[in-house]
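Inside the fold
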Amino acid sequence: MKIALAGYYGFGNVGDELLLKSVLEAIRKRVPRARPLVLTNNPLQTAASHRVEAVSRWSPVSILRAVGGSDELLFGGGGVFQDRTSKRSLRYYAGRVILARLVGTPVALWGVGGGEMQQTLTSHALRLARGRD
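Residues numbered from 1 in each chain as written. Predicted model: local features only at pLDDT ≥ 70, side-chain atom pairs only at ≥ 80, totals over all residues. Heavy atoms only, no water.

In this sheet, strand β4 (residues 72-75) lies alongside strand β1 (residues 2-6) in parallel orientation, the contact comprising four bridges. What sits directly across from Leu-5, in β4, is Leu-74. Taken together, the three bridges between β4 and strand β5 (residues 107-109) define a ladder with parallel strand orientation. Bridge pairing in β5 links Leu-74 to Ala-108. In this view, the connection linking β4 to its parallel neighbour β5 by way of helix α4 (residues 87-103) has right-handed handedness. (Pairing = 2+ DSSP bridges. Helix = DSSP H or I, 4+ residues; strand = E, 2+ residues; numbered from the N terminus. Right-handed = clockwise from strand over helix to strand, strands pointing away.)

Next comes the structure, spelled out in structure tokens:
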């Protein structure tokens, strides 16, 4: 089973890297044959630090291949679905959800906080992730 992971990975944020570590540990424990693939700002560092396949979160071709070639897209923790810090960030993560839905890849949320939701795009993205839109 191939699982693509999306989050704020590869930016040197200790909290987000610990979230990734804990999600990967849980996946490896529950699904030992899983092959995680992380969308990250720093593929080389992420691959080396976490012993995973990693691709650039900025490459549209890599993202399409990762999401389309996976059995699931997992958002692995944190406050990614919020528009308080950046509307650009919200559009990025909502775009991953929409892409997954378009290519038929199920979406899962793991420890994802809701944050302040000032835009309808946030709630729309979460409804899409749950398959309720």
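Take the sheet that holds β1 next. Taken together, the five strands give an open sheet; going across it, the order is β3-β2-β1-β4-β5, and neighbouring strands pair in parallel fashion. Of all the strands in the sheet, the pair left with one neighbour each is β3 (53-56) and β5. Strand-to-strand, the axes of this sheet are offset by a mean angle of 25°, without reference to chain direction. Pairing of β1 with strand β2 (residues 35-40) involves four bridges; the strand directions are parallel. Of the residues in β2, the one forming a bridge with Ile-3 is Pro-36. (Axes fitted to C-alpha atoms, helices over the stretch in contact; angles between N-to-C directions.)

Looking at the secondary structure, you find Lys-2 in strand β1. Ignoring sequence-local partners within four residues, the contact set of Lys-2 consists of Arg-35, Leu-37, Glu-53, Gly-69, Ser-70, Asp-71 and Glu-72. (Contact = heavy atoms within 4.5 Å.)

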